Amino acid sequence: MSRRFRYYVLAAALLISISFALNQDSDQASDQDYTVKLSPDRYMTDENGMTLYYSLNDAPGSGISNCVDECSSLWPPFYADLIRVPAMLSTSSFNTVSRIDDCYQTTYEGWPLYRCSRDKKPGDTEGDGEKGIWFVVDPIKFPPAYGGSDGSNTWLFHIRSFLNKFD
């Protein structure tokens with residue numbers, strides 16, 4: 001094999017390797033591209049780092065948000081039309097419901113997601129534990145959708161949620 005031919009093969013292999021590496025990097029979303037993120041403390045945030053919450057007043061999987069009117073001004077519904085999440089989460093855990101105020105809302109494991117109007121900057125968790133019904137979404141300790149056949153919450157879910165406040 002000639003020396004010139006070996007250099008061409010080596011150059012081609014190098015170009016292919018660089019091209020593959022660039023494609024792999026572009027396929028992986030950067031932290032900036034996620035619509036739902038995890039904070040350093042492991043709770044969910046929106047794309048801007050604002051904390052996401054769920055309410056025990058909602059029945060998981062019912063497709064209904066019970067936070068309307070004045071409540072929704074204090075607890076604005078979270079909605080993202082396209083969910084992009086880090087590897088620790090799964091997009092299949094998210095869905096969208098149509099609210100009675102003709103808006104959409106994103107759900108996680110069947111639970112409508114909200115922001116807290118008292119949170120002023122990324123990382124704030126002012127609403128966590130509010131009235132014993134509002135909590136940050138920690139996907140590791142997140143309550144499963146315990147519910148009766150009518151979609152209502154059961155006493156088991158309420159007791160578990162209450163005890164989780166003291167973890």
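It should be noted that the structure appears before, not after, this text.
Sequence positions are assigned chain by chain, starting from 1 and proceeding in written order. Note on the predicted model: pLDDT of at least 70 is required for a residue's local features to be given, and 80 or more for side-chain atom pairs to be given and counted; whole-chain, interface and lining totals, by contrast, use all residues. The side-chain quantities take in all heavy atoms of the structure and omit both hydrogens and water.

1. Some words on the packing of aromatic side chains
Each aromatic ring pair is characterised by the separation of its centres together with the angle its planes make. Aromatic rings from Phe, Tyr and Trp, taking only the six-membered ring of Trp, are treated as a pair when their centres fall within 6.5 Å; an angle between ring planes under 30 degrees marks them as stacked, one over 60 as edge-to-face, and anything in between as tilted. A complete count under the given rule lists 10 aromatic pairs for this structure. Summarising the aromatic geometry, the rings of tyrosine 53 and tryptophan 75 are spaced 5.3 Å apart at their centres and angled 80 degrees between planes, so their arrangement reads as edge-to-face. Taken together, the positions of tyrosine 53 in strand S3 (residues 53-55) and tryptophan 75 in the loop between helix H2 (70-74) and strand S4 (94-98) put the pair 22 residues apart, joining distant regions of the chain. Each residue is placed in one exposure class: buried if its accessible area under a 1.4 Å probe, protein chains only, is under 20% of its type's maximum, exposed if it is over 50%, and partly exposed if it falls in between. Judged by its relative accessible area of 0%, tyrosine 53 is buried. When its relative accessible area of 6% is taken as the criterion, tryptophan 75 is described as buried. Considering the side-chain rings of tryptophan 111 and phenylalanine 142, the 6.3 Å spacing of their centres and the 90 degrees angle between planes classify their relative orientation as edge-to-face. Taken as a pair, tryptophan 111 in strand S6 (residues 111-112) and phenylalanine 142 in the loop between strand S7 (134-136) and helix H3 (155-164) lie far apart in primary sequence, 31 residues in all. You'll find tryptophan 111 and phenylalanine 142 in the same group, each marked buried. Strands here are runs of E lasting at least two residues and helices are runs of H or I lasting at least four, both read from the DSSP assignment and numbered beginning at the N terminus.

2. Overview of the side chain of serine 65
By the element assignment, serine 65 lies in the loop between S3 and H2. Polar contacts here mean pairs of N or O atoms no more than 3.5 Å apart (in protein, one a potential hydrogen donor and the other a potential acceptor; neighbouring residues in sequence count only if both atoms are side-chain atoms). A distance of 2.7 Å separates a polar atom in the side chain of serine 65 from a polar atom in the side chain of arginine 99. Separated by 2.6 Å, the side chains of serine 65 and tyrosine 114 make a polar contact. When checking whether two residues touch, look at their non-hydrogen atoms; a contact exists if any pair is within 4.5 Å. When near neighbours in sequence (up to four residues on either side) are disregarded, serine 65 contacts Asp58, Arg99, Gln105, Pro112 and Tyr114.

3. Quick notes on the nonpolar core
Residues grouped as a nonpolar core are buried Ala, Val, Leu, Ile, Met, Phe, Trp, Tyr and Cys residues, joined through side-chain atoms within 4.5 Å. The biggest cluster of nonpolar side chains holds 26 residues, and the ones touching the most others in it are Val36, Met44, Phe94 and Tyr108. Within the residue set of this core, elements represented by two or more residues are S3 and S7. Per-element accounting of this core gives the leading share, 3 residues, to S7. When near neighbours in sequence (up to four residues on either side) are disregarded, phenylalanine 94 contacts Val36, Met44, Ile83, Val85, Leu89, Thr106, Thr107, Tyr108 and Leu113.

4. Concerning the state of the cysteines
Cysteine sulfur pairs qualify as disulfides if the two atoms are within 2.5 Å. Considering all chains together, one arrives at 1 disulfide under this definition. Residue pairing for cysteine 67: its cysteine sulfur links by disulfide to cysteine 71, the two sulfurs lying 2.0 Å apart. Its S-S torsion of approximately -105 degrees makes the covalent link between cysteine 67 and cysteine 71 left-handed. By relative accessible area, which is 2% here, cysteine 67 ends up buried. On the basis of relative accessibility, which here comes to 23%, the residue cysteine 71 falls in the partly exposed class.

5. Side note on the sheet that holds strand S5 (residues 104-108)
An order of S4-S5-S6 is seen for the 3 strands of this open sheet, with the pairing classed as antiparallel. Each of the sheet's edge strands pairs with one partner strand only, and the pair in question is S4 and S6. Summarising the sheet, S5 and S6 pair through 2 bridges and their orientation is antiparallel. Along S6, the bridge assignment pairs threonine 107 with proline 112. A pair of strands is labelled paired if DSSP reports no fewer than 2 bridges between them.

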